[in-house]
Amino acid sequence: MDDDVVQRVFQEGGRDYYQQPSTSSSSSSSILQSLPLHVSFDHGYYLLVKSIQELREKKEGLVTVGIGGPSGSGKTSLAEKVASVIGCNFVSMENYRVGVDDGNDLDSIDFDTLVQNLQDLINGKDTMTPVFDFQEKRRVGSKAIKSFSSGVVIVDGTYALHARLRSVLDIRVAVVGGVHFSLLSKVQYDIGDSCSLDYLIDSIFPLFRKHIEPDLHHAQIRINNSFVSSFREPIYKLKCKSEQSPNGDPSASTFHGKEAMMDNFIEMYLRPPSASEEARINDWIKVRQSGIRYYLSLGDQRIVDRHYIIRPKAEFEVGRMTLGGLLALGYNVVVSYKRASTSVSNGNVSVSLETIDSLGETYMVLRGTNRKTVGAEASRMGICGPWITKSYLEMILETKGVPRINTPPLTSNASSISNQEQLIAAPKPLRITPNLVNRLEDLSQPWTRSPTKSKMEPVLATWHFISSDPPLAGGSVIDPSFRDSLHLAPMPDSYDLDRGLLLAVQAIQAVLENKGLPVIVGIGGPSGSGKTSLARKMANIVGCEVISLESYYKSEQVKDFKYDEFSSLDLRLLSKNIDDIRNFRRTKVPIFDLETGTRSGFKELEVSEDCGVVIFEGVYALHPDIRNSLDLWIAVVGGVHSHLISRVQRDKSRVGCFMSQNEVMTTVFPMFQQHIEPHLVHAHLKIRNDFDPVLSPESSLFVLKSNKQVAYQEILRILDPAKICSSVQNFIDIYFRLPGIPANGQLAESDCIRVRICEGRFALLIREPIREGNFIIQPKVDFDISICTVAGLLNLGYKAVAYIEASAYIYQDGKVSNTITAAYSCNDILVEVDHIQDVSNPYLQIKGVNKEAVAVAGSTLKLDGSYTTKSYLQIIQERLPVLERSSSGIHTQQAARLQELVQLIQSQCNIVMEKQGSSSASESSPSREASPLDGVIEDMQSRIKRLERWHTINTVLWTFLMSAFVGYSLYQRKHK
């Protein structure tokens, strides 16, 4: 479908279409009939980038893009993400207001100026776009846009697909969903089924059906954004009274030379019509007014962890009519207050003085996206509390004497217990269903207004506890034995990653409140599902320790490729560590070195109030022998794990063979169904990770590649010589392709599944990059797979068609990751020098998540003009004679070597599966007879061991030489 959408963009739409004479076959109805079903936000982003690139190649001049949709749907987020990749001019319709009306009113938009600006750019003329100031409520100036500064212009706004603009747009994109749908879902849940969805839309968004929705049907790419509020990038706050600061004025004492910003807000909270007088503030809607702009957020979505207030990015702008519509539906303004703010920022942390009129107090608030940075800034300022963790709403309610409902009551009655036991006794498999066909109930509604979930849910679910030993009636004090018998009741539904992250943190807090320290969490799921990512996000919010079960590998099991076996874990040491944590004893957690395949040491861990939560994550974290010692069980499925299943299904369909998800999973992930999935269904919290490593803009890694020779001392110039670390990785990349896939005569990497063998482990490399200019924009996610997964691909008919053998020298500030994929922070730069077999010159790659930082590093190394965006597979194929280049692979030079590797994979997998399926009786039986393949296996293993020993010696010598060189450089610098 992707190719069809891209073709439709420059064949059936755009301003060229409107310039053609109208015919009976080119009516608006025919355009609507040719539109595809709506796609996800990530998929839409990928389609839009590809469409812009192809259209830019096939036509001369400027490419114009319009992104329209209701407020809160995610238009601006999409435009910003595309602009960060393409590097285009961005025009917001917010600056084309001509008055202070609602803003969603068509009369308040200056279409004439906007159309003229676009026509100037299309005709190759420079233009001046207006700048609107919302505080002064008027147009305050203009901004120049050069006609050839970029080949692409994106127009973002509610009416970006209006009929007056469509004639000057090449690509039209409609975005619906996001918090726009969340508000509809919330309101319908609050008021019940007494009103239809159309009535709610007309009440809350009165202009949507009449003026906005009709334009969205003219989009070539339709995006349904399922985003709700997310704690993936939360805001951390520290708050105290202003007199606690040694200097009351942050603009004078905190960030010298920084300009102070002053804002005045009116904040109000709306209670649902059916809510009681008691303050269940999670059910309220918050509206913040700033000048002529209104911002809405659903409930008091925040987490308090020790001194920190943690909030998601959950606000979105609405019109004044939305507030009036909510009041007309029966919502009541319960609390309203004014907040005057004076703030300064250094880019990482902002410090504000906020005065609340209803409280008559001034507070100092520190905000930032990094918990440690916010805490460090507070220490630097000499502020040590007392910290205030209550919201202004809670403080105002306390002054009014209104009780607030906090933690939900314990569920200890017999009926609730029996219901929960039924849920545990008859669990359902947890799977990610491919989004191939929309739900029938969703198809009954127009795509522009049908929420992604057909069943309306409360904004936040609540946790309950169950116990087989209920407390004695009339008892005023809870018996400690009863507290120990409390267990979380499993959530009956599964949740997406954003909602699951919030529920996971809330579950930890519920356990802390009801059972106290420590809280031990287990996160289980298949490889690549997102366990580690979720654990790190939880640790960033809660501030706790994360321990990977890979630390408990046994050396002898790892050397035999038994990563997926439960017996590969040192269960005795793991049980001792958990028991020590449970009883507040200091314990030693192992450290496993995957490079050497041995345990390299231990680190001490002690539970305290500052670190009272410990998270264990791993494939077998929810195994009965482990989970029974834990407080919270979390299962994660989907992610890259589901991506491989979908990829196999797609390849099979291309050759005319349909395979169900279950058939693919049984073959490719046999260990999952037999030994992992049965444990996940018992989890307290089940999370579906819809992350797609190819489509998601969140996983973009910017890469510059060059074969220009660069000296080691030059690399030191872009890295910190005092912190530089190096590593050597020897790997073999095998390309698997399904015979029969249509090709243009040459082997394409996009038609292959790429598997890397590195340090005795297998990993799936997700490489379907976007190439833009000199940059390769690729996913930064690779994930470990078992040898049985590779053998499963072979059993499904995939053929090994090519391989690349290489050594990579990796340089990075700080510790270089032992795994195949290194971790990247915002400004981290990783330099990789790849020595490829049969290629004379090494290739240098600069990688990072910050495009500008990567570009600066390349310029510093004087690589400009030498970049290539070709893959290593392309580079090797170009070196072959023309007759040896084919879509079926590189046979003449690599056939024998590939055959050896395939035989090694298949035979080793057979051994693993035999041992997995054997019982204790079979373990005591005589060993099997040696097969003819055993000699091949032993020979291959000995060759691999010799190669590893040679590279170990090489690494030691290389490290010694580089250390000596760095020391000599520092010595010379010091003397100079």
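Residues numbered from 1 in each chain as written. Predicted model: local features only at pLDDT ≥ 70, side-chain atom pairs only at ≥ 80, totals over all residues. Heavy atoms only, no water.

Looking up the chain in an unreviewed UniProt entry gives the name AAA+ ATPase domain-containing protein, with the organism given as Rhododendron griersonianum.

### Overview of the environment of I776
Inspection of the secondary structure puts I776 in strand 33 (residues 775-779). In contact with I776, other than residues within four places in its own chain, are L701, F702, V703, K705, P769, I770, T868 and T869. (Helix = DSSP H or I, 4+ residues; strand = E, 2+ residues; numbered from the N terminus. Contact = heavy atoms within 4.5 Å.)

### Here's the deal with the sheet that holds strand 1 (residues 63-68)
Pairing in this open sheet of five strands is parallel, and the strands run 2-5-1-6-7 from one edge to the other. The strands lining the two open edges of the sheet, one partner per strand, are strand 2 (89-92) and strand 7 (221-225). Strand-to-strand, the axes of this sheet are offset by a mean angle of 20°, without reference to chain direction. In the sheet, strand 6 (residues 171-177) pairs with strand 7 via five bridges, with the strands oriented parallel. Across the sheet, the residue bridging to V173 is I221, located in strand 7. (Pairing = 2+ DSSP bridges. Axes fitted to C-alpha atoms, helices over the stretch in contact; angles between N-to-C directions.)

### Description of helix 13 (residues 371-380)
Within the sequence span of helix 13, burial applies to R371, V374, G375, E377 and A378. Taken down its axis, helix 13 places every buried residue within 160° of arc, on the same side. Facing away from the buried side of helix 13, by more than 90 degrees, are the exposed residues K372, S379 and R380. Its side-chain oxygen 3.0 Å from the backbone nitrogen of K372, N370 forms the N-cap of helix 13. The positive-phi residue at the C-terminal boundary of helix 13 is G382, with phi of around 80°. (Buried < 20%, exposed > 50% of the residue type's maximum accessible area, 1.4 Å probe, protein only. Arc of directions from axis to C-beta. Polar contact = N/O pair within 3.5 Å; in protein donor to acceptor, adjacent residues only side chain to side chain.)

### Brief notes about the sheet that holds strand 25 (residues 613-617)
Ordered in space as 20-27-26-21-25-22, the six strands form an open sheet in which the pairing is parallel. Of all the strands in the sheet, just strand 20 (494-496) and strand 22 (545-548) have a single pairing partner and so form its edges. For this sheet, the mean angle separating the axes of adjacent strands, direction not counted, is 25°. Docked against the sheet, helix 19 (residues 531-542) engages strand 21 (519-524), strand 22, strand 25, strand 26 (632-638) and strand 27 (685-689), running at close to 170° with respect to strand 25.

### Regarding the side chain of N577
Locating N577 in the fold gives a position in helix 21 (residues 571-582). One polar contact links N577 to T587, side chain to side chain, over a distance of 2.7 Å.

### Overview of the packing of aromatic side chains
According to the stated counting rule, one finds seven aromatic pairs in the structure shown. Measuring from centroid to centroid gives 6.4 Å for Y337 and Y392, while their planes differ by 75°, and the two rings are edge-to-face. Placement of the pair is Y337 in strand 15 (residues 332-345) and Y392 in helix 14 (residues 392-400), with a sequence separation of 55 residues. Residue classification places Y337 among the buried residues on the basis of a relative accessible area of 3%. Where Y553 meets F592, the ring centres are 5.7 Å apart and the plane angle is 80°; that geometry is what we call edge-to-face. In this pair, Y553 sits in the loop between strand 22 and helix 20 (555-559) while F592 sits in strand 23 (residues 587-593), placing the two residues 39 residues apart along the sequence. What makes F592 buried here is its relative accessible area of 10%. One aromatic cluster is present, built from ring pairs that chain together Y337, Y363 and Y392. (Phe/Tyr/Trp six-rings, centres within 6.5 Å; stacked < 30°, edge-to-face > 60°.)

### As for the pairing of strand 30 (residues 753-758)
Of all six residues in strand 30, six are buried; the element is thus mostly enclosed. Side chains I753, V755 and I757 project from strand 30 onto one buried face, and the interleaved R754, R756 and C758 project onto a second face that is buried too. Judged from the six bridges that link them, strand 29 (residues 724-737) and strand 30 form a sheet pairing that is antiparallel. Bridge assignment links F736 to a residue of strand 30, and that residue is I753. For strand 30 and strand 31 (residues 761-765), the ladder comprises five bridges, and the chain directions are antiparallel. The partner of V755 across the bridge, within strand 31, is L764. If you look at the hairpin formed by strand 30 and strand 31, you'll find two residues sitting between the two strands, and E759 has a positive phi there, around 55°.

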